[in-house]
Amino acid sequence: MDQLLLESRAGLERVHPSDLEREMAAGALVIDTRPVDQRDRDGDLPGAVVIDRNVLEWRLDPSSPHRIPTAGDPARRIVVVCNEGYSSSLAAHTLQRLGLSRATDLIGGFQAWAALRADS
């Protein structure tokens, strides 16, 4: 699994939690893939679109009739956020393979973002 994670991250320009707000202001589509129990426990990620991990590809694939309207531009920056930054790396790599070349993820996931905000 470690090798797969390394290979997935090799093609990502991963986002540091301190840069997430700037990415959003620049038009990035931020996708929160955390399960409902984690969102209930830890809170929402302001400005993020919630998409369950098990339907992520169908909701973002430019050729899918089930994609969300905001995912129409395959050149748009997409930042996938999971709880700790592992499954989001795999998901972002898969999105790149679907043609979403600017897909990436958040280093450390929601927990890193929340910790940064708590330290502010």
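By the naming in an unreviewed UniProt entry, the protein chain goes by Rhodanese-related sulfurtransferase and is assigned to Pseudarthrobacter defluvii.

The strands that make up a sheet pair up through hydrogen bonds in the backbone, lying either parallel or antiparallel. Taken in spatial order, the four strands of this open sheet run E2-E1-E3-E4, and their pairing is parallel. Every interior strand has two partners, whereas the edge strands, strand E2 (49–50) and strand E4 (103–105), have only one. Pairing analysis gives four bridges linking strand E1 (residues 29–32) to strand E3 (residues 78–81), with the strands arranged parallel. Looking at the pairing, Asp32 lines up with Val81 of E3. In the packing of helix H5 (residues 87–97) onto the sheet, contacts are made with E3 and E4, and the angle to E4 comes to roughly 175°.

H5 packs onto helix H1 (residues 2–10) with a crossing angle of 50° between their chain directions and a minimal axis gap of 9 Å. Accordingly, the angle class assigned to the pair H1 and H5 is oblique. Here the hand of the crossing between H1 and H5 comes out left-handed. Residues Leu4, Leu5, Ser8 and Arg9 of H1 form the contact with H5, whose own contacting residues are Ser89, Leu90 and His93. Of the residues in the contact of H1 with H5, the class split is three nonpolar, three polar and one charged.

Once that is clear, we can look at the pattern of salt bridges. Applying the stated criterion to the full structure yields six salt bridges. Put simply, Asp105 and Arg14 hold a salt bridge, and the shortest N to O gap is 2.7 Å. One end of the pair, Asp105, is in strand E4; the other, Arg14, is in the loop between H1 and helix H2 (20–25), and 91 residues separate them in sequence. For Arg14, a relative accessible area of 23% translates into the label partly exposed. With a shortest N-O distance of 2.8 Å, Asp42 and Arg41 are connected by a salt bridge. Since its relative accessible area comes to 28%, Asp42 is described here as partly exposed.

Alternating residues of E1 divide into Leu29 and Ile31 and Val30 and Asp32, and every residue in both groups is buried. When E1 meets E2, the two strands line up parallel, connected through two bridges. Residue pairing in the sheet places Asp32 in a bridge with Val50 of E2. Crossover connection from E1 via helix H3 (residues 36–42) to parallel E2: handedness right-handed.

Rules and cut-offs
Residues numbered from 1 in each chain as written. Predicted model: local features only at pLDDT ≥ 70, side-chain atom pairs only at ≥ 80, totals over all residues. Heavy atoms only, no water. Pairing = 2+ DSSP bridges. Helix = DSSP H or I, 4+ residues; strand = E, 2+ residues; numbered from the N terminus. Contact = heavy atoms within 4.5 Å. Axes fitted to C-alpha atoms, helices over the stretch in contact; angles between N-to-C directions. Parallel < 35°, antiparallel > 145°, perpendicular 65-115°, else oblique. Left-handed = near helix turned anticlockwise from the far one by under 90°. Nonpolar A, V, L, I, M, F, W, Y, C, P; charged D, E, K, R; others polar. Salt bridge = Lys/Arg side-chain N within 4 Å of Asp/Glu carboxyl O. Buried < 20%, exposed > 50% of the residue type's maximum accessible area, 1.4 Å probe, protein only. Right-handed = clockwise from strand over helix to strand, strands pointing away.

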